[in-house]
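Summary of the model geometry
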Amino acid sequence: MKYRKVARKFFTGKMIIILGASVFALSTGCGKTDAPDVSTESGEEINPEASTESGEETSTNAGAQISDDAESSLVATKIDDNSKPIADFDEFVNGQWKEQKKQNSDNGDAYWWDEQEEFDKAIRDILDNTDLDEISEDSDLYKAVSIYRRILDTEDYDQRIDSAKEHLQPIENIKSLEDIYKLYQTEEYMMFSQAFKFTVSADHNGYHAVWFEPNSMMGDMDYFKSLFSEDNPNDSAKKEFLSLMEKLGYSEERTIEIFDNASVVGEMIDDYWKAPVTNDIVYFDSSTLEKENVSVPVIDILGSLEALGKNKDFIAKDNFSDLLNTLYQEDNVEAIRDHMLLGTITRLFTLYGEDVLKASYGIEYSDQACKAIKTYAPDAINKAYSEQYLADFDEQRALDMVEDIKNSYRDIIDNTEWLGIHGKELAKHKILTMRVSLGKNEIENDLSDINLTGNLVDDYISLLVSKERFERGQIKKEDENRQIFNANLFEVNAYFMPAYNALYVSSGVLVNPYCSKNASFEEMLGYYGMLIAHEYAHSYDPTGINYDWRGWWEPWMTEDEDSAYTGNQQKIADFFDGLEVEYGRKIDGELIKNETFADLMAMRCCLKILEQKENPDYDLFFRTYARKNACYITEQDIDRAMADTHLIGKARVNYILGQFDKFYEAYDIDENSPYYVPKEKRLAVF
């Protein structure tokens with residue numbers, strides 16, 4: 001259809017994962033940080049002079065190069081005079097830790113070096129123990145913590161139910177499509193409508209854009225409908241849910257009717273997502289909708305919510321008009337109404353108390369309250385965390401290391417043989433202009449639009465509305481004025497954001513002692529530097545390389561350059577494909593190709609930085625890298641681990657390091673090792 005403005009197609013599908021509607025917040029990123037926790041099981045800091053977590057020394061070999069201050073390092077491994085060749089570097093560094101995890105594991109769990117648990121505990125401590133008498137009632141933190149604590153204090157339960165019923169009543173009053181459209185033009189009911197759901201995020205042409213992402217809610221509906229089946233083994237969940245619905249004013253018969261009606265809408269939305277299309281990303285404006293005979297006033301609704309950017313359009317799959325024309329018929333008014341009712345009820349599930357939440361989802365009430373506040377007041381909580389926990393973070397050295405990494409990558413680009421002069425300049429300009437945000441969004445929601453009323457339901461809805469209003473406020477920003485505003489703040493990870501040509505690093509990474517003033521350069525490089533360099537490398541992986549320095553989807557390589565690049569990528573897949581790892585499983589080379597490319601590029605980048613340092617301690621750097629990728633995997637968990645796009649721990653340590661000559665110079669590596677890579681077979685990336 002020539003009248004449509006269509007974005008270049010660069011991915012083939014979209015996955016929607018529904019786990020209890022608003023009950024679970026699903027976060028995605030590059031992958032596990034696999035970062036080392038340098039504290040003991042009890043939370044006490046490790047004595048820098050201790051040689052291992054168990055107090056025993058770990059033997060190494062005489063060929064290792066080590067600096068005089070290695071004993072004060074954060075890595076709990078020592079060098080001695082044992083000249084035994086190393087067959088398995090991962091086992092050499094992490095063996096005792098893995099044995100400890102094996103002994104402590106009584107349920108078959110797998111373990112990674114992972115700070116996530118400590119990060120989560122710190123956030124919970126802020127929510128549970130902040131003294132509200134000591135902070136201003138107008139502060140963001142006061143508002144967030146106050147709502148959290150009132151969620152947990154269920155003495156006002158009857159008032160919550162009455163207030164929730166008041167918010168449901170306008171939906172109950174729907175009699176026509178016009179009634180639906182009027183509710184869509186209000187901030188609250190647009191938020192509750194899952195059938196008309198949209199988000200705001202960067203597009204691939206230099207703008208922030210509205211992306212329509214209707215949610216079928218079929219996952220919720222299938223679960224709750226199963227409670228009414230004769231084979232339902234969970235009578236308590238059915239009892240608690242029906243009790244809730246009765247308090248909200250719905251009989252069992254009406255509850256079943258709501259699910260049946262809402263399923264009509266849900267199935268249409270599922271069909272929309274499943275339908276094969278020519279283009280996943282299409283820009284719709286008023287003329288497009290008019291030509292496709294869409295009567296739903298989408299542009300007017302978005303305009304009333306100030307959710308239209310400069311071009312007054314939005315993004316959806318190219319069959320979006322078909323969905324609108326099929327769904328928004330007078331015959332479907334009751335179905336749309338009940339779909340919105342269900343969306344509202346589930347969105348407020350956090351407020352209904354522990355009994356129904358735990359019976360339905362098996363979630364502790366305090367855990368869900370914490371998730372909700374982290375989801376809807378992330379900047380306020382993250383700011384408090386940074387103030388309380390990042391005092392030892394060496395920000396200036398972290399920023400200097402970013403510049404070292406960028407310079408190293410520019411040198412790597414200059415030395416490529418397959419890129420032409422123009423290609424090198426484009427690639428270097430991209431890395432030169434790439435920015436980094438350490439521990440926070442570049443623009444934050446300050447909750448100044450929330451005035452607490454004492455009515456929990458009203459205040460909670462105000463919190464939800466505030467977040468969506470803030471996100472819509474980013475819609476008019478373009479090019480260099482676009483700022484990261486919706487990063488996953490509470491996962492210990494870092495993310496390259498190609499549409500911004502920017503990198504975000506969470507506070508949970510920066511709190512690690514490897515990022516402190518006490519860490520050596522090699523330790524910080526092996527932990528933080530490798531993480532940053534890995535994410536920067538994604539700007540040159542098979543997807544990221546097609547974005548330019550502005551964050552535009554603009555493939556720039558010539559045909560010959562693209563051919564050489566693709567050949568290098570295929571060598572990575574071919575090298576790893578079929579290699580056997582734990583429990584006889586074999587690596588899928590295509591699956592891990594992109595992340596392994598980033599690992600290899602990061603190692604090359606960081607080794608190049610070390611080469612510029614006087615008397616670099618390669619041993620400390622390599623051991624830090626190995627420690628941060630340590631994992632103990634059980635046979636029960638191996639298949640899940642193998643489904644990840646990263647190499648799993650042992651392979652990620654041994655095979656990545658085994659590609660680099662400097663690793664073999666630092667240690668007496670056993671040529672009979674299954675991880676030894678002959679020099680002629682070592683991968684040369686980029």
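Preceding this paragraph is the structure being described.
Before going into details, it helps to say that this report is about the structure given with it. (Residues numbered from 1 in each chain as written. Predicted model: local features only at pLDDT ≥ 70, side-chain atom pairs only at ≥ 80, totals over all residues. Heavy atoms only, no water.)

Quick word on the packing of aromatic side chains
Test applied: The pairing test for Phe, Tyr and Trp rings, Trp by its six-membered ring, is centres within 6.5 Å, and the orientation test on the planes gives stacked under 30 degrees, edge-to-face over 60, and tilted for anything in between. Secondary structure is summarised from DSSP: a helix means a run of H or I of at least four residues, a strand means a run of E of at least two, and numbering begins at the N terminus for each. Remark: exposure states derive from per-residue accessible area (1.4 Å probe, protein chains only) relative to the maximum for the residue type, with buried under 20%, exposed over 50%, and partly exposed in between.
Using the criterion set out here, one finds 51 aromatic pairs in the structure. Measuring from centroid to centroid gives 5.2 Å for Tyr-655 and Tyr-675, while their planes differ by 65°, and the two rings are edge-to-face. With Tyr-655 in helix H26 (residues 649–657) and Tyr-675 in the segment after helix H27 (661–666), the pair connects residues that are 20 residues apart, well separated along the chain. With respect to burial, Tyr-655 and Tyr-675 carry one shared label: buried. Cluster of aromatic residues (ring-pair linked, three or more members): Tyr-181, Tyr-184, Phe-196, Phe-198, Phe-212, Tyr-272, Trp-273, Phe-284, Phe-314, Phe-320 and Tyr-328.

Here's the deal with the sheet that holds strand E9 (residues 502–505)
The criterion, for reference: Note: two strands are recorded as paired if DSSP finds a minimum of 2 bridges between them. Axis angles are defined between N-to-C directions and span 0 to 180 degrees, where every axis is a line fitted to C-alpha atoms and, for a helix, only to the segment in contact.
Taking strand neighbours across the sheet as the criterion, the 3 strands line up as E7-E9-E8 in an open arrangement whose pairing is mixed. Of all the strands in the sheet, the pair left with one neighbour each is strand E7 (435–438) and strand E8 (494–497). Going across the sheet, the axis of each strand differs from the next one's by a mean of 15°, ignoring polarity. Of the pairings in the sheet, the one linking E8 to E9 comprises 4 bridges and is antiparallel in character. Residue pairing across strands places Met-497 opposite Ala-502, the latter belonging to E9.

Some details on unusual backbone geometry
The backbone phi angle of Met-217 is positive, close to 60°, even though this residue is not glycine. Relative to the elements of secondary structure, Met-217 occurs in the loop between strand E4 (208–212) and helix H7 (218–226). If you check the backbone angles, Tyr-583 has positive phi at about 55° while not being a glycine. Within the secondary structure, Tyr-583 sits in the loop between helix H22 (559–576) and helix H23 (589–611). Residue Tyr-583 is classed as partly exposed on the basis of its relative accessible area of 38%.

Comments concerning helix H16 (residues 378–389)
Counting along an α-helix, one turn takes 3.6 residues, and residues three or four places apart therefore face a common direction. Just so we agree on the cut-off: To estimate the expected span of a helix, count its residues, drop one, and scale the result by 1.5 Å. Only heavy atoms matter for contacts: two residues are in contact if any of them lie within 4.5 Å across the pair.
Given a rise of 1.5 Å per residue, 12 residues ought to cover 16 Å, and the 16 Å separating the end C-alpha atoms of H16 matches this to within 8%. Taken residue by residue, H16 has Pro-378, Asp-379, Ala-380, Ile-381, Asn-382, Ala-384, Tyr-385 and Ser-386 as its buried positions. Here the buried face of H16 lies against helix H2 (116–129), helix H3 (140–152), helix H15 (365–376), helix H19 (456–472) and helix H20 (507–510).

Focus on the environment of Asn-672
Note on placement: Asn-672 falls in the segment after H27. On the basis of relative accessible area, Asn-672 is assigned to the exposed category, the value being 70%. Sequence separation of Asn-672 and Pro-85 is 587 residues, and the distance between their C-alpha atoms is 9.8 Å.

Comments concerning the packing of H3 against H19
Note the following rule: Should an angle fall under 35 degrees it is taken as roughly parallel, and over 145 as roughly antiparallel, whereas 65 to 115 is taken as roughly perpendicular and any remaining angle as oblique. Crossings are assigned a handedness: left-handed for a near helix turned anticlockwise from the far helix by less than a right angle, right-handed for a clockwise turn. In this classification, the charged set is Asp, Glu, Lys and Arg, the nonpolar set is Ala, Val, Leu, Ile, Met, Phe, Trp, Tyr, Cys and Pro, and all remaining amino acids, among them Gly, are polar.
Axis separation between H3 and H19 bottoms out at 10 Å; the angle between their running directions is 135°. As far as their axial angle goes, H19 and H3 are oblique. Viewed along their axes, H3 and H19 form a crossing whose handedness is left-handed. Contacts between H3 and H19 involve Ile-147, Arg-150 and Ile-151 from the former and Leu-456, Asp-459, Tyr-460 and Leu-463 from the latter. Here the residues of the contact of H3 with H19 are counted per class, giving 5 nonpolar, no polar and 2 charged.

Some remarks on the pattern of salt bridges
Test applied: By convention in these notes, a salt bridge is any Lys or Arg side-chain nitrogen within 4 Å of a carboxyl oxygen on Asp or Glu.
This model, assessed by the stated rule, comprises 35 salt bridges. For the salt bridge of Asp-459 with Arg-150, the shortest nitrogen-to-oxygen distance reads 2.8 Å. Placement of the pair is Asp-459 in helix H19 and Arg-150 in helix H3, with a sequence separation of 309 residues. For the pair Asp-459 and Arg-150, a shared accessibility class is recorded, and that class is buried. With its nearest N and O atoms 3.0 Å apart, the salt bridge here joins Glu-665 to Lys-662. Of this pair, Glu-665 and Lys-662 both sit in helix H27, 3 residues apart, which is roughly one turn of the helix. One connected set of salt bridges, linked through shared partners, spans Asp-88, Asp-90, Glu-91, Lys-98 and Lys-650.

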